[in-house]
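Remarks on the overall topology
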Amino acid sequence: MWCRAKQSLTEKSRAMKLLQENIRVLYFASNCVEPYVVIITVKDSKRRLSVCSSESSELEEHEDHLEGDNVLPVLTTHSELLNDHHLQKLAAQMPARTQGYPWQLVYSTAIHGSSLKTLYRNMASLDSPVLLLVKDMYKKVFGAFCSDPFKVSKYCYGTGETFLFTFNPEFQVYRWSGENSYFVSGNFASLQLGGGGSGFGLWLDADLYHGASFSCPTFHNAPLSTHEDFIIQDVEVWTVQN
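Rules used throughout
Residues numbered from 1 in each chain as written. Predicted model: local features only at pLDDT ≥ 70, side-chain atom pairs only at ≥ 80, totals over all residues. Heavy atoms only, no water. Helix = DSSP H or I, 4+ residues; strand = E, 2+ residues; numbered from the N terminus. Buried < 20%, exposed > 50% of the residue type's maximum accessible area, 1.4 Å probe, protein only. Contact = heavy atoms within 4.5 Å. Areas by Shrake-Rupley, 256 points an atom, 1.4 Å probe, with all protein chains shown as cover. Polar contact = N/O pair within 3.5 Å; in protein donor to acceptor, adjacent residues only side chain to side chain. Salt bridge = Lys/Arg side-chain N within 4 Å of Asp/Glu carboxyl O. Core = buried A, V, L, I, M, F, W, Y, C linked by side-chain atoms within 4.5 Å. Arc of directions from axis to C-beta.

Of regular secondary structure, the protein chain possesses five helices and twelve strands. Considering the protein chain as a whole, with its 242 residues, one finds that 39% of them fall into the buried category. Across the protein chain, contacts joining residues at least 24 apart in sequence account for 53% of those joining residues at least 6 apart. Put simply, the protein chain shows about 14100 Å² of open surface, and 51% of that area lies on carbon and sulfur atoms.

In this fold, valine 141 is placed in strand E5 (residues 141-146). For valine 141, a relative accessible area of 10% translates into the label buried. For the pair valine 141 and phenylalanine 171, spaced 30 residues apart in sequence, the C-alpha to C-alpha distance is 9.8 Å. With residues up to four places along the chain from it excluded, the contact list for valine 141 reads Leu133, Val134, Lys135, Thr166 and Phe167.

So, on to the side chain of serine 79. Position of serine 79 relative to the elements: it lies in the loop between helix H2 (42-69) and helix H3 (84-91). For serine 79, the side chain forms a polar contact with the main-chain nitrogen of leucine 81, separated by 3.1 Å. What serine 79 contacts, discounting residues up to four positions off in sequence, is Glu236 and Trp238.

All told, the structure shown has one salt bridge when counted by the stated rule. A salt bridge links arginine 97 to glutamate 161; its shortest N-O distance comes to 2.6 Å. With arginine 97 in the loop between H3 and strand E3 (103-108) and glutamate 161 in the loop between E5 and strand E6 (163-166), the pair connects residues that are 64 residues apart, well separated along the chain. By relative accessible area, arginine 97 is classed as partly exposed at 44%.

Another aspect to go through is the nonpolar core. Across soluble globular proteins, nonpolar side chains have a tendency to be buried as a group. Of all hydrophobic cores here, the largest spans 31 residues; its most connected members are Leu119, Leu132, Phe150, Leu191 and Leu193. Among the secondary structure elements, those contributing two or more residues to this core are E3, helix H5 (116-122), strand E4 (130-136), E5, strand E9 (190-193), strand E10 (202-205) and strand E12 (229-240). The greatest single-element share of this core, amounting to four residues, is contributed by E12. Beyond its immediate chain neighbours, meaning those up to four positions away, leucine 193 contacts Leu132, Ala144, Phe150, Leu164, Tyr182, Phe183, Val184, Phe200, Gly201, Leu202 and Phe219.

Note on placement: leucine 132 falls in strand E4. Spatially, the C-alpha atoms of leucine 132 and glycine 143 are 5.2 Å apart, while their sequence positions differ by eleven residues. In contact with leucine 132, not counting residues within four places along its chain, are Phe142, Gly143, Ala144, Phe150, Phe165, Leu191, Leu193, Leu202, Leu204, Val235, Glu236 and Val237.

So, about H3. Where H3 is concerned, the buried positions are His86, Leu87, Leu90 and Ala91. In an axial view of H3, the angular spread of the buried residues amounts to 115°, which keeps them on one side of the axis. Looking at the packing, one finds that the buried side of H3 touches E3, E4 and E6.

Asparagine 168 connects to proline 169 through a cis peptide bond whose omega is -10°. Counting through the fold element by element, proline 169 comes out in the loop between E6 and strand E7 (172-175). We note that lysine 139 has phi near 70°; this positive angle belongs to a residue other than glycine. Structurally, the position occupied by lysine 139 is in the loop between E4 and E5. Although it is not a glycine, histidine 220 sits at a positive phi angle of roughly 50°. Mapped onto the fold, histidine 220 is located in the loop between strand E11 (210-212) and E12.

Given below as structure tokens:
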């Protein structure tokens, strides 16, 4: 039987020489009673290789993504507001230029007292993005990432990297809508993020005691807390820089 099969394959092989150049012949003789032949086009062969390569690439990217999720930012100081869950969620949303650097505490009501002036003063020498965290009396944590440190200014400042976020009840990010550029503005009376509508996306008073959060065109956000007006319990501002 093997001799007949071998002779048959030889005859088929001679015949295959007359096939077009875009035809390939594959011989399969492993784990089978008799060898057999499969004919595929070069185009089909390349397609199969492309699919396999794509699937392998997607698997590697997925594994790298999972590995990156397990790496938490390093805090140079203990935080009263951030836990591992907060860190993991926020780090994944921040710009690539902030990745891999330790987070440094710039301002905390627990350390520096409740004063917007002090908050501005502590950032006077900064030239790096900042992360604002607020915890209200309802125990809700929310805040904003700003591309520029907070300061007193007559005009709005910041870039499209700026976003609002809340952990009420699940983590939610509100990025720039593109509708206006009212990212951040500040004076000694209050700090405001987002605007253009009937209220600010996030507003804090001079004593960092009263706050408010409304839907605004800048971020198309929902109110960040369970109440549009709230009493502030704690505030922290972190910066990420080399």
